[in-house]
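# Examining the three-dimensional arrangement
For reference, the chains in residue letters:
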Amino acid sequence: MQMRIGGTGTGSLDGTSIEVKNPATGELVDRVPFGSSEDVNRAVEVAEAAFAGWKQKTTRERGMILFRAAGVVRERHRDVARLLTTEQGKPLKESIDEVRGFAGILEFYAGISAHQTGELSRLGPAGDCLVTREPLGVCGAIIPWNMPVIIMGWKVGPALLAGNTLVVKPASSTPLANLTLAGILEESGLPPGVLNVVTGWGETVGEALVRHPLVRKISFTGNSETGGKIRALAAAHPKELTLELGGSDPMIVMDDAHIDKAVEGAIRGRFYNAGQTCTAVKRLYVHEKVSGTFLRKLKSRIDALNVGNGLGPKTEMGPLNSAVQRERIARLVEETHENNDGTVLSGGCPLTGKAYEAGFFYRPTLVSDVSGRSRLLTEEVFGPVLPVMTVPDLDAAIQEANTTRFGLGASVWTANIHTVRKVFDNVHAGIIWVNRHLTVPPEIPFGGVSESGIGRENGSHALEQYSRTKTLFLGW
């Protein structure tokens, strides 16, 4: 599959390529160009040239293109989802949900495209003041491998509706669905050069995109270390930044919670996409009055999870995306055992056997009695390992929830509205769920506090992140 620059497929200038392999089987899925800084420069210049024409279109005209593209995505969602599963590994059902979610995001932005923005201030004898919003120009989007389709939607939808042009850098291991969706947008009427996709490594393509003086904004989703490097690189040519840098979401289960629903919430919240989700449940705090029953039911559900190739009809959890991811998770669990930092109740090792030998599979893992010093609690664990701590009351749960440097999401499971209010007021996070976890519809803003990043994506608020105010002062 080729890169998309200026509305056409193209290879890298030096003709080299990257292999994209299925993480469940090790089989080659496709090859994409190994882009360079020269390829980025070519894409940015094309986007800069396309900006003037795209900016002149009305917001409603831009919205209609997004709406048509959403319709095509819905028609072809199974094909795109199957492609996503083969390159990323997640179960086909999850891929279908993600692709449909992408269409939903485009439909949301198309739906608000007729909404007129601006402010009029009447200043008396001094005159009147009109404040409007205008696009920034060429923007860059760096997409991660864990949720490449939905996160592409979060960036493409508001950026294009606001009137910007865009250069997208997908993850090197999951570029195929992104390239396919870019082609669908072009097919649906997006002018050449408005959306460009350059494939390659982050150290070359990503860095060149961040450094480029014509790029007015970078939206990055990934880990905190890379986010810090991007902030430093972007300082050479001041530009807008939106950084979603992951999290270590706590889930608090109180003694008045519906236990069975909370167990299912923990299963989906931790093991969806094999735990490779920034807002996954990464730390579980259970009230001591219900911890025994809760852990017994949770272990039973974890032991029953069907792990396998994402294309399998009964698969509930697929492989990790790479050998590096699996090795990192395995090491964290080994450290927990070696340091007596917790008790492994379920899983705790790679899956073995013919069905798993070519892929990056790891058993869904439950660890109880976790020490506060364990890296399972202090770091972002991007895999199917769920550490559990017992707490005596809500105050202790809130205190533990706030012990990390992250602050993306959190959830509380309770029947008490006063408990909800206390968690909402005191837990450091950008979004608090009540009796659910992970749900992020396109209407709501998404982002974190502390080291979970800066800025917001999703919802009407994202349009503000891709535009700036301009004022007209009318002196009478």
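Above this text sits the structure in question.
Residues numbered from 1 in each chain as written. Predicted model: local features only at pLDDT ≥ 70, side-chain atom pairs only at ≥ 80, totals over all residues. Heavy atoms only, no water.

### Some thoughts on the environment of Val32
By the secondary structure assignment, Val32 is in strand β4 (residues 28-33). Residue Val32 is classed as buried on the basis of its relative accessible area of 1%. Put simply, Val32 and Asn416 are 384 residues apart on the chain and 52 Å apart in space, counted from C-alpha to C-alpha. (Helix = DSSP H or I, 4+ residues; strand = E, 2+ residues; numbered from the N terminus. Buried < 20%, exposed > 50% of the residue type's maximum accessible area, 1.4 Å probe, protein only.)

### Comments concerning the sheet that holds strand β15 (residues 365-368)
Read from one edge of the open sheet, seven strands run β14-β15-β16-β13-β12-β17-β18, paired in mixed fashion. Looking at the sheet topology across the chains shown, the edges are occupied by β14 (343-346) and β18 (431-434). Between one strand axis and the next, the sheet turns by 25° as a mean value, whatever way the strands run. Here helix α9 (residues 259-271) sits on the sheet in contact with β12 (249-253), β13 (281-287), β15, β16 (385-391) and β17 (409-413), set at roughly 140° to β16. (Pairing = 2+ DSSP bridges. Axes fitted to C-alpha atoms, helices over the stretch in contact; angles between N-to-C directions. Contact = heavy atoms within 4.5 Å.)

### Thoughts on the sheet that holds strand β5 (residues 119-122)
Strand order in the open sheet formed by three strands is β5-β6-β20, with antiparallel pairing between adjacent strands. At either end of the open sheet lies a strand with only one pairing partner, and these are β5 and β20 (467-474). Pairwise comparison of adjacent strand axes, ignoring direction, gives a mean angle of 20° for this sheet. Looking at chain direction, β5 and strand β6 (residues 128-135) are connected through four bridges and run antiparallel. The residue bridging Arg122 from the neighbouring strand is Asp128, located in β6.

### Topic: the packing of aromatic side chains
Tallying each qualifying case throughout the model produces five aromatic pairs. When the centroid spacing of 5.7 Å and the interplanar angle of 90° are considered together, the rings of Trp145 and Phe382 count as edge-to-face. With Trp145 in the loop between β7 (138-142) and α5 (148-161) and Phe382 in the loop between α12 (375-378) and β16, this pair connects stretches of sequence that are 237 residues apart. On the accessibility criterion, Phe382 (16% relative accessible area) is buried. On the basis of an interplanar angle of 45° and a centroid distance of 4.8 Å, the ring pair of Trp154 and Phe446 is categorised as tilted. (Phe/Tyr/Trp six-rings, centres within 6.5 Å; stacked < 30°, edge-to-face > 60°.)

### Here's the deal with the side chain of Thr336
Along the chain, the position of Thr336 falls in helix α11 (residues 323-338). The exposure class assigned to Thr336 is buried, which follows from its relative accessible area of 3%. Among the polar contacts listed, one links the side chain of Thr336 to the backbone oxygen of Leu332, at a separation of 2.9 Å. Beyond its immediate sequence surroundings of up to four residues, Thr336 is in contact with Asp341, Gly342, Val367, Ser374 and Leu376. (Polar contact = N/O pair within 3.5 Å; in protein donor to acceptor, adjacent residues only side chain to side chain.)

### Concerning the nonpolar core
Formed by 63 residues in total, the largest nonpolar core has its most connected members in Leu166 and Leu195. Each residue touching Leu195, except ones within four places of it in the same chain, is listed here: Met152, Val156, Leu166, Val168, Ala182, Leu185, Glu186 and Leu190. Ranked by size, the runner-up nonpolar core spans 58 residues in total, among them Ala274, Ala330, Met389 and Val423. (Core = buried A, V, L, I, M, F, W, Y, C linked by side-chain atoms within 4.5 Å.)

### Things to note about the side chain of Ser113
Assignment of secondary structure puts Ser113 in the loop between α4 (92-111) and β5. For Ser113, a relative accessible area of 6% gives the class buried. Here Ala110 takes part through its backbone oxygen, which lies 2.6 Å from a polar atom of the side chain of Ser113. Those residues in contact with Ser113, other than ones at most four positions away along the chain, are Thr59, Arg60, Gly63 and Leu161.

All quantities given are derived from atomic positions and should not be read as evidence of function.
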